Amino acid sequence: NAGVQLSVIEGATKTGDFLDSMSRLFRYNLRMLNEVCTLEDEVGNISDYYDLLKVRFGDRIRFEFDLDHETLDLQLPPMILQPIVENSFIHGLSSLESGGTINIVTKQIKQQVIITVSDNGVGMNQSLIDQILFKEDEALLVEKKSNGGSGIGVRNVRDRLELFYHRTDIFQMSGQIRKGGKTTLTLPKKSTNFSGSPRGMSV
C-alpha cells in the first residue's frame, strides 16, 4: 500500500495499478480456506491475477470472461478458481511462444451453476489429468508458488468442493493434445446468506 501511495505521488499510474492488484491478490491468498466467499469474490481475484500476468507476459496471455450475473452470489470456498486458472496457464499456455487465451464462463441452469475454465493451449491427455488429480506432489506445488501461483493444487480444489457441497459429481477435467484443456464445475445454487461485501468488479 505504501508503494501504491508512492506511485500516485510520482505519477506512475501503471505501477500503482500493478501494486494495487498485487496487494489485493496477496490479501486474498491469505484468507482462511475454511471461510465462505462468493463467486464474485473469486472472479475479482482472477482479475487481479490476470493484471499481474499481463505485466509479465503482455499480450501473450489473454483472459476472456463470460459471466451470468445471476451466478455471482453463489457461495463457495475461497481459492477455487485461481488454482484452476493457474493449471490452464502452467500446463496449457506457459510453454507456447505465441501464448493463448483462457476463458472463464459461468451460467445458471435451473438450480445449478456451471463454471468452466478452458484454454486453447497445448492440451492435456488423460495421463496428465490423472497426474494433476491424483499424483500432484510437493515439488510441483513449490514450483507453482515460486512462479506466482497460489501453491494450492487442483486436487485440493476438487476435494474441498466435494466436502463443501457433500457431492462427488461436481468436478470434471477434460482435454486433448493440441486442442486445449477444460475444467468444469457443476455446483448447486444454494440460498445466499453471505454477509460480506465483495469488491466491486467490472467485466
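Residues numbered from 1 in each chain as written. Predicted model: local features only at pLDDT ≥ 70, side-chain atom pairs only at ≥ 80, totals over all residues. Heavy atoms only, no water.

**Observations concerning the side chain of threonine 116**
Along the chain, threonine 116 falls in strand β5 (residues 112–119). If we skip the residues at most four places from it in the chain, threonine 116 touches Asn103, Ile104, Val105, Lys182, Thr183 and Thr184. (Helix = DSSP H or I, 4+ residues; strand = E, 2+ residues; numbered from the N terminus. Contact = heavy atoms within 4.5 Å.)

**Thoughts on helix α4 (residues 81–93)**
Here α4 contains 13 residues, and its C-alpha end-to-end distance of 17 Å stays within 8% of the 18 Å for a straight helix at 1.5 Å per residue. Across the 13 residues that make up α4, a large majority, 12, are buried. The set of residues buried in α4 consists of Leu81, Gln82, Pro83, Ile84, Val85, Glu86, Asn87, Ser88, Phe89, His91, Gly92 and Leu93. (Expected span 1.5 Å × (residues − 1). Buried < 20%, exposed > 50% of the residue type's maximum accessible area, 1.4 Å probe, protein only.)

**Digging into the pattern of salt bridges**
For side chains of opposite charge, pairing can occur when their charged atoms come near one another. Taken as a whole and assessed by the stated rule, the structure comprises five salt bridges. The salt bridge involving lysine 189 is made with aspartate 73; its shortest N-O contact spans 3.2 Å. In this pair, lysine 189 is assigned in the segment after β7 (181–188) and aspartate 73 in the loop between β2 (61–67) and β3 (75–76), connecting sequence segments 116 residues apart. Judged by its relative accessible area of 17%, lysine 189 falls in the buried class. Aspartate 73 gets classed as partly exposed once you look at its relative accessible area, which sits at 34%. Arginine 158 is the salt-bridge partner of aspartate 159, the closest N and O atoms lying 3.0 Å from each other. (Salt bridge = Lys/Arg side-chain N within 4 Å of Asp/Glu carboxyl O.)

**Examining the packing of aromatic side chains**
Per the counting criterion, the structure on display carries four aromatic pairs. On the numbers, 6.5 Å between centres and 55° between planes, the contact of phenylalanine 63 with phenylalanine 65 is tilted. Overall, the relative accessible area of 8% leaves phenylalanine 63 in the buried class. Aromatic pair phenylalanine 164 and tyrosine 165: ring centres 4.9 Å apart, planes at 85°, arrangement edge-to-face. Every member of this aromatic cluster is reached through a ring pair, and the members are Tyr50, Phe63 and Phe65. A cation sits over an aromatic face here: lysine 54 above tyrosine 50, 4.6 Å from the ring centre. (Phe/Tyr/Trp six-rings, centres within 6.5 Å; stacked < 30°, edge-to-face > 60°. Lys NZ or Arg CZ within 6 Å of the ring centre and 35° of its normal.)

**Describing empty space enclosed by the protein**
Tallied over the entire structure, the rule returns one cavity of 30 Å³ or more. One number sums up the size of the largest cavity: a volume of about 50 Å³. Lining the largest cavity, in full, are Asn87, Ser88, His91, Gly92, Asp119, Gly123, Met124, Gly181, Lys182 and Thr183. Only α4 and β7 provide two or more residues apiece to the lining of the largest cavity. For the lining of the largest cavity, the element with the highest residue contribution is α4, accounting for four residues. Each residue belonging to the lining of the largest cavity can be placed in one class, and the counts come to one nonpolar, seven polar and two charged. (1 Å grid on protein atoms, 1.4 Å probe; cavity = no way out; pocket = protein on both sides within 12 Å on 5 of 7 lines; lining within 4 Å. Points joined across faces, edges and corners; volume = space filled by probe spheres on them. Nonpolar A, V, L, I, M, F, W, Y, C, P; charged D, E, K, R; others polar.)

**Re the nonpolar core**
Within the largest apolar cluster, 44 residues are counted, with the highest numbers of intra-cluster contacts made by Leu39, Phe63, Leu161, Phe171 and Leu187. Here this core gets eight residues from one element, more than from any other, and that element is helix α3 (residues 39–57). Beyond its immediate stretch of four places on either side in the chain, leucine 187 contacts Leu74, Leu76, Gln111, Gln112, Val113, Ile115, Leu161, Tyr165 and Ile170. (Core = buried A, V, L, I, M, F, W, Y, C linked by side-chain atoms within 4.5 Å.)

**Notes on the layout of surface pockets**
Any space left empty among the atoms is revealed by the rolling of a water-sized probe across them. Considered as a void within the structure, the second largest pocket measures approximately 170 Å³ in volume. Forming the walls of the second largest pocket are Lys14, Asp17, Phe18, Ser21, Asp51, Lys54 and Val55. Of all the secondary structure elements, the ones that give two or more residues to the lining of the second largest pocket are α2 (13–29) and α3. Here the lining of the second largest pocket takes four residues from α2, the largest share from any one element.

**Some thoughts on unusual backbone geometry**
Phi is positive for lysine 110, close to 55°, though the residue is something other than glycine. As for its placement among the helices and strands, lysine 110 is situated in the loop between β4 (100–109) and β5. Owing to a relative accessible area of 72%, lysine 110 belongs among the exposed residues under this scheme.

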